[in-house]
2 protein chains.
Amino acid sequence: MRIDDEVSGAGGRGAVAGNRGGTGRTVTSKDVARVAGVSQSTVSYVMSGKRPISARTRRIVEDAIAQLTYHPNAGARALASQRTQIVAVVMPFDVGLGAAGLMAFIEEITLAARARDHDVLIVTAEEGVDGLRRVAGRALCDAVVVMEVSTDDPRAAIARDLRVPTLFIGFPDDAAGLHCIDFDFEDGARLLVGELAGAARVSALVWGPDTVDRGLNYVPRFRAAAQEAAAAAGVQLDWVPLERDRVEEQVRTVLDGGGQALLVTSFLSRVVHAVQEAGLRPGTDLDLVALATDADATGFTVPLTAVSTHPRDVSRQAMSWLFDLLEQGAGPAGVRRVPAFVTRRSSVRASPTPRVP
Amino acid sequence: MRIDDEVSGAGGRGAVAGNRGGTGRTVTSKDVARVAGVSQSTVSYVMSGKRPISARTRRIVEDAIAQLTYHPNAGARALASQRTQIVAVVMPFDVGLGAAGLMAFIEEITLAARARDHDVLIVTAEEGVDGLRRVAGRALCDAVVVMEVSTDDPRAAIARDLRVPTLFIGFPDDAAGLHCIDFDFEDGARLLVGELAGAARVSALVWGPDTVDRGLNYVPRFRAAAQEAAAAAGVQLDWVPLERDRVEEQVRTVLDGGGQALLVTSFLSRVVHAVQEAGLRPGTDLDLVALATDADATGFTVPLTAVSTHPRDVSRQAMSWLFDLLEQGAGPAGVRRVPAFVTRRSSVRASPTPRVP
DNA sequence: TTGTACGCGTTATCAT
DNA sequence: ATGATAACGCGTACAA
């Protein structure tokens, strides 16, 4: 029933178990207190630093903690403190496409969370609104990040009533009262069109029905901005949604139609290959710019001028905001955009006309 | 201080909050009990079903639960029951390469977990052994899944002393006392070599230093089995570790050397393209088999005969085993292999010699 | 600077 | 079939 009052073996060694639950009782702060010869609350205060502790006491307690390899019990802590130290992340619906970018996202989120002693809980998009209600209702987490928000996302509505701060990656139509952040697709569109502003006509090879049907908010956002920028620059913009099974065919059609300036947001590698198959070389025979990660943009024989979506930047900023909310209490709601940048590589021939301010 | 004893508004409606923590106290089982006019413990038993409840009482309680949109508090539940209903998953080190397969893995794991009312917590590989100690020590989870195990994985050693069942995806050198599961790379190797058994010489274009240096256990496993199978079939096996920056060059060298039978495990798309660039067509001019997901194997103009790693199968089996451990107490340790299958497509010319039993 | 004591919301063991 | 009530392990107001 009791743990040795004295030092028992070398700290942390001595466990003999075999992969079982229940090897020699779990160590509690009370055990630490006993070994250290202080009260349980002192142990607690040593760990939290929420009260001044004499250097001597602190040392004794910390030694005891090390000796017993004490770890605070997450459940008990959550119950007492009303803090789980957990951030829930709601996944996108259709992974598989952007798996690489998504993993970067998750990595970054986990990193940011761990940096502040938080853990990350995965919630599938399939759980929908119930998922949100569940993790919030059960007090499984202190905050939620929702990825891949659609224009009419039902999760937006209920987020307003959640007991935990919720951060959306992407902008639903009605973002009032919500905290939303996303890559600045509008600015990205403007920049890309700007790179091709020398052309009379630009073909935008973009997200097809697959994406559009999911109501992903950035498609219309990107489109509107692109159209506007094209109009302002006096270039004609052809909007060509790429269909999974017809990409090569569509590219050929555009090329046959005399397409000299391509703006690509989807199926990049297939588009580039199709262009090359047609005997054309970006940067030599035509201009091609893309919305793509740096890795993707540089993965071809011709490095592409591109606006990168920098998934890591978005997640970093998202987490930074989230922890602000967590620490300072939910600040004012609003929409935040992560700036876009072009990297000029060699897939555009003419140096573009200077950007209009 | 108290919640309405009577029905208050339409169940679940009426919250007015704005994204804040603290909107109208959290609902507890005590509240449910009061509204239902029963004792708190009855509410608990209604939820757990661990004691017979009269139909009448059950209805009343369930109504109250619905009305108040009650959710049990995870922390309190974990504290009292010693069960967190959470499975921790330790990520691979270097994502980015197999991001797609990895996401499939995670999806499947999450699905399986949710099917049994568990959640999934992400742990980065970078946390190493401390990560394991932390999630187990803090009682953050009931079980752990460790992905991408290396031959001399330090996490294997400490897993034996963990208070929670731990499942390894992959086989460390010393698997004694551990629960390990993985795709049957040995059998996969045998099958692939078997498909090429007609050839006098087979070039194995395989994992390069990137992978080998990480001590991934399946590389030597695959190699040994492939060598053995080749020897038995009387074919010479050239082992060619692909280097990230020299893949195309290496493929050309092999082809120039008269390579007529290729066994590919890495950089598949680059290898296939290099072959095609050389004017050769798999299934017509040479034989090519691969270790690849079905999606990858069918992503080329010539569908490839391949052994699929079926990440989803592995994770499903892993989770099934894990929950067995969780429910029936840690069963006997051991190593489990998920069977390999070839899918014959059109990248091999001759129908292969029948497989030796 | 430190100790005492209560409460967090459940589960589960006694009773009845 | 149901109701009290004692843990569960920690945080923190209140005392000293």
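Residues numbered from 1 in each chain as written. Chains lettered and ligands numbered in written order. Predicted model: local features only at pLDDT ≥ 70, side-chain atom pairs only at ≥ 80, totals over all residues. Heavy atoms only, no water.

Going by an unreviewed UniProt entry, chain A carries the name LacI family DNA-binding transcriptional regulator and comes from Kineococcus mangrovi.

Caption draft 1: Highlighting the overall build of chain A. Helix and strand counts for chain A stand at 14 helices and 12 strands. A buried classification covers 50% of the 357 residues belonging to chain A. When the accessible surface of chain A is split by element, carbon and sulfur atoms take 51% of a total near 16,000 Å². Here chain A contributes 39 positively and 43 negatively charged side chains, and the mean placements of these two sets differ by 8 Å. (Helix = DSSP H or I, 4+ residues; strand = E, 2+ residues; numbered from the N terminus. Buried < 20%, exposed > 50% of the residue type's maximum accessible area, 1.4 Å probe, protein only. Areas by Shrake-Rupley, 256 points an atom, 1.4 Å probe, with all protein chains shown as cover. Lys, Arg positive; Asp, Glu negative; His and termini not counted. Charge placed at Lys NZ, Arg CZ, Asp CG, Glu CD.)

Caption draft 2: How the structure looks around the protein's contact with DNA strand C. Taken together, 29 residues surround DNA strand C, and among them Thr42, Arg51 and Thr57 of chain A together with Ser44 and Tyr45 of chain B come closest. Counted by atom, the contact set of DNA strand C within 4 Å of the protein is 51% sugar and phosphate. Within the side chain of threonine 42 of chain A, one N or O atom sits 2.5 Å away from a phosphate oxygen of DNA strand C. Within the contact set of DNA strand C, a phosphate oxygen lies 2.6 Å away from a side-chain nitrogen or oxygen of serine 44 of chain B. Elements represented by at least two residues in the surface near DNA strand C include exactly α2 (40–48) and α4 (74–81) of chain A together with α2 (40–48) and α4 (74–81) of chain B. In terms of residue class, the surface near DNA strand C is made up of 10 nonpolar, 15 polar and 4 charged. (Near = heavy atom within 4 Å. Polar contact = N/O pair within 3.5 Å; in protein donor to acceptor, adjacent residues only side chain to side chain. Nonpolar A, V, L, I, M, F, W, Y, C, P; charged D, E, K, R; others polar.)

Caption draft 3: The interface of chain B and chain A, seen in detail. Taken residue by residue, the interface counts 53 residues in chain B and 52 residues in chain A. In this assembly, chain B packs against chain A so that about 4,500 Å² is buried in total across both faces, 57% of it on carbon and sulfur atoms. Here arginine 114 of chain B and glutamate 127 of chain A are joined by a salt bridge, their closest N and O atoms 3.1 Å apart. Here chain B and chain A share 8 residue pairs in polar contact (both at pLDDT 80 or more) between them. Listing elements by their share of the side of chain B that touches chain A, those giving two or more residues are α4, α5 (99–115), β2 (119–123) and α6 (128–137) of chain B. (Contact = heavy atoms within 4.5 Å. Buried area = accessible area lost by both parts, 1.4 Å probe. Salt bridge = Lys/Arg side-chain N within 4 Å of Asp/Glu carboxyl O.)

Caption draft 4: The UniProt feature "domain: HTH lacI-type" (unreviewed entry) in chain A, seen in detail. Those places that UniProt annotates as "domain: HTH lacI-type" (unreviewed entry) correspond, in this numbering, to residues 27–81 of chain A. Along residues 27–81 of chain A the backbone is 71% helical and 0% strand, and the end-to-end C-alpha distance reaches 19 Å. (UniProt positions renumbered as here; feature names shortened; annotations may be inferred.)

Caption draft 5: Just the protein's contact with DNA strand D, in detail. Near DNA strand D you find 28 residues, and of these Ser29 and Tyr70 of chain A together with Thr42, Arg51 and Thr57 of chain B are the closest. When the atoms of DNA strand D within 4 Å of the protein are sorted by group, sugar and phosphate make up 56%. Taken together, the residues that form the surface near DNA strand D break down as 10 nonpolar, 14 polar and 4 charged.

Caption draft 6: Molecular detail of the environment of valine 35 of chain B. All names here are of chain B. By the element assignment, valine 35 lies in helix α1 (residues 29–36). A relative accessible area of 22% places valine 35 in the partly exposed class. Along the primary structure valine 35 and isoleucine 60 are separated by 25 residues, whereas in three dimensions their C-alpha atoms are 9.0 Å apart.

Caption draft 7: Expanded view of empty space enclosed by the protein. The final tally for this structure, using the stated rule, is 3 cavities of 30 Å³ or more. Of the pockets and cavities examined, the largest cavity occupies roughly 150 Å³. Looking at the lining of the largest cavity, the elements that each hand over two or more residues are α4 of chain A together with α4 of chain B. (1 Å grid on protein atoms, 1.4 Å probe; cavity = no way out; pocket = protein on both sides within 12 Å on 5 of 7 lines; lining within 4 Å. Points joined across faces, edges and corners; volume = space filled by probe spheres on them.)

Caption draft 8: Region of interest: helix α12 (residues 268–277) of chain B. Residues and elements named next belong to chain B. Burial in α12 covers these residues: Leu268, Val271, Val272, Ala274 and Val275. One face of α12 carries all of its buried residues, which in axial projection span an arc of 160°. Of the surrounding secondary structure, the elements contacted by the buried residues of α12 are β6 (201–206), α11 (247–256), β8 (261–264), β9 (287–291) and α13 (294–297). One or two positions beyond α12, positive phi appears at glycine 279, with a value near 80°. (Arc of directions from axis to C-beta.)

Caption draft 9: Molecular detail of the relation of the copies chain B and chain A. Laying chain B over chain A is done by rotating through 180° and shifting 0.0 Å along the axis; what remains is an RMSD of 0.1 Å. On this basis, the relationship between the two copies can be described by a two-fold rotation axis. Comparing contact sets, 98% of the residues at the interface of chain B also lie at the interface in chain A, consistent with an isologous, same-surface contact. (Least-squares fit on C-alpha atoms with pLDDT ≥ 70 in both.)

Caption draft 10: The packing of aromatic side chains, seen in detail. Taken as a whole, this structure holds 10 aromatic pairs over all chains when the rule is applied. Taken together, a centroid distance of 6.4 Å and an interplanar angle of 45° make the contact between phenylalanine 222 of chain A and tryptophan 239 of chain A tilted. Within this pair, whereas phenylalanine 222 of chain A is found in helix α10 (residues 218–233), its partner tryptophan 239 of chain A is found in strand β7 (residues 236–241), the two being separated by 17 residues in sequence. Tryptophan 239 of chain A sits in the buried class, given a relative accessible area of 17%. Every member of this aromatic cluster is reached through a ring pair, and the members are Phe183, Phe185, Trp207, Tyr218, Phe222 and Trp239 of chain A. Over the face of the ring belonging to tyrosine 45 of chain B we find arginine 51 of chain B, whose NZ or CZ atom lies 4.0 Å from the ring centre. (Phe/Tyr/Trp six-rings, centres within 6.5 Å; stacked < 30°, edge-to-face > 60°. Lys NZ or Arg CZ within 6 Å of the ring centre and 35° of its normal.)

Caption draft 11: Main features of the sheet that holds strand β5 (residues 179–183) of chain B. One open sheet holds the 12 strands; their spatial order is β11(A)-β5(A)-β4(A)-β3(A)-β1(A)-β2(A)-β2(B)-β1(B)-β3(B)-β4(B)-β5(B)-β11(B), and the pairing between them is mixed. A single partner strand is all that each edge strand has here, and the edge strands are β11 (334–338) of chain A together with β11 (334–338) of chain B. Strand-to-strand twist in this sheet, taken as the mean axis angle between neighbours without regard to direction, amounts to 25°. The pairing of β5 of chain B with β11 of chain B spans 5 bridges and is classified as parallel. (Pairing = 2+ DSSP bridges. Axes fitted to C-alpha atoms, helices over the stretch in contact; angles between N-to-C directions.)

Caption draft 12: Spotlight on the domain arrangement of chain A. The domain boundaries assigned to chain A delineate domain 1 (17–81), domain 2 (86–184 + 312–338) and domain 3 (186–309). Taking only C-alpha atoms, the centre of domain 1 of chain A and the centre of domain 2 of chain A are 33 Å apart. (Domains from an automatic or database assignment.)

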